[in-house]
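Examining the three-dimensional arrangement
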Amino acid sequence: MSLSWPERATLHIGPDALRLQCRAGAIERPLIDADWGAALAALPVLPRFSRLRVRIADRYVRYLRVAWPPGLSAEERRVFVEYRFVEVFGAGPWAVLTDRNAAGPQCLAAALPLSLRDALRDWARTRRLSLRAVEPAFLADFNEGRRRLRGDGAFARQERGRVTIGLWAAGAWRALRSLPVGEADGRAAVDGLVALLATLPEAPAAGTFHVAGVQPADAPLPSGWTHADCAEARP
């Protein structure tokens, strides 16, 4: 499949497959053993210079809440956050995605396997595509709905085999956790919230729990918390 004029397309890297959404529709290809090069090569050819956004399933992303030491420059922040990912998750190697110039004393940071980032860059360069954004799924879904979030709360994104939860209070991130779960576990998001609250010395007494993806089963929320549905998360 080849079209004459550049277009805008989105590539979803899911837990088990790649799905390319473009003008011609949605085309899916299996992902086997995280063989990024083979899976990308099997995708249809887009017109040269098409603009592409990439969203990556949380299975392949590692997240951290980073508290910045005071007085760091942007370059020092880069070194610090790279050190923190190695300290927490091992040598990787990682391709770190974060806003080193973000205002405030802390931020959320994400890291991809370096092999995935390099495979995307090589594929885009070979196909002459314009890689406009590479977005971890949790952060992409949170940013899409953040204008509707008010007061203290938490946001969870559940995909096949993983749930990722971030919690904030007084406008600042307080905690973040991404965990493997059973693929049919409808309680995973609520159980994750309960566990996350238990780790905080001063947990919010009340808040709104926003969930994207697999909706929670009949699992009671902590006292003072209410539930709000979000749009269905991408696979």
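The preceding data block contains the structure.
Figured I'd write up the structure that's included with this text. (Residues numbered from 1 in each chain as written. Predicted model: local features only at pLDDT ≥ 70, side-chain atom pairs only at ≥ 80, totals over all residues. Heavy atoms only, no water.)

1. Re the nonpolar core
With 38 residues, the main nonpolar core has L11, I13, L18, L40, L52, I56 and L120 as its most contacted residues. Counting residues per element, the ones that place at least two in this core are β1 (8–13), β2 (17–22), α1 (36–41), β4 (51–56), β7 (106–113), α3 (114–127), α4 (137–145) and β11 (172–180). Per-element tally for this core: the top contributor is α3, with 5 residues. Apart from residues no more than four positions distant in its own chain, L120 is found in contact with L11, I13, L40, V54, I56, L131 and V134. (Core = buried A, V, L, I, M, F, W, Y, C linked by side-chain atoms within 4.5 Å. Buried < 20%, exposed > 50% of the residue type's maximum accessible area, 1.4 Å probe, protein only. Helix = DSSP H or I, 4+ residues; strand = E, 2+ residues; numbered from the N terminus. Contact = heavy atoms within 4.5 Å.)

2. With respect to the sheet that holds β1
A sheet is described by the order of its strands in space; here 5 strands give the open sequence β3-β2-β1-β4-β8, paired in mixed fashion. Both edges of this open sheet fall to β3 (25–30) and β8 (130–136), since each of them pairs with a single strand only. On average, each strand axis in the sheet is tilted by 15° relative to the strand beside it, whichever way the strands run. Across the sheet, α4 lies against β4 and β8, angled at about 90° from β8, the strand it touches most. (Pairing = 2+ DSSP bridges. Axes fitted to C-alpha atoms, helices over the stretch in contact; angles between N-to-C directions.)

3. Describing the packing of aromatic side chains
According to the stated counting rule, one finds 10 aromatic pairs in the structure shown. Ring geometry for F142 against W173: centres 5.0 Å apart, planes inclined by 55°, an arrangement best described as tilted. In this pair, F142 is assigned in helix α4 and W173 in strand β11, connecting sequence segments 31 residues apart. Taken as a pair, F142 and W173 share a single burial class, namely buried. Measuring from ring centre to ring centre gives 5.5 Å for W168 and W173, while their planes differ by 85°; the resulting arrangement is edge-to-face. In this structure, W168 and W173 share a single accessibility class: buried. In this structure an aromatic cluster arises from ring pairing among Y63, F138, F142, F155, W168 and W173. (Phe/Tyr/Trp six-rings, centres within 6.5 Å; stacked < 30°, edge-to-face > 60°.)

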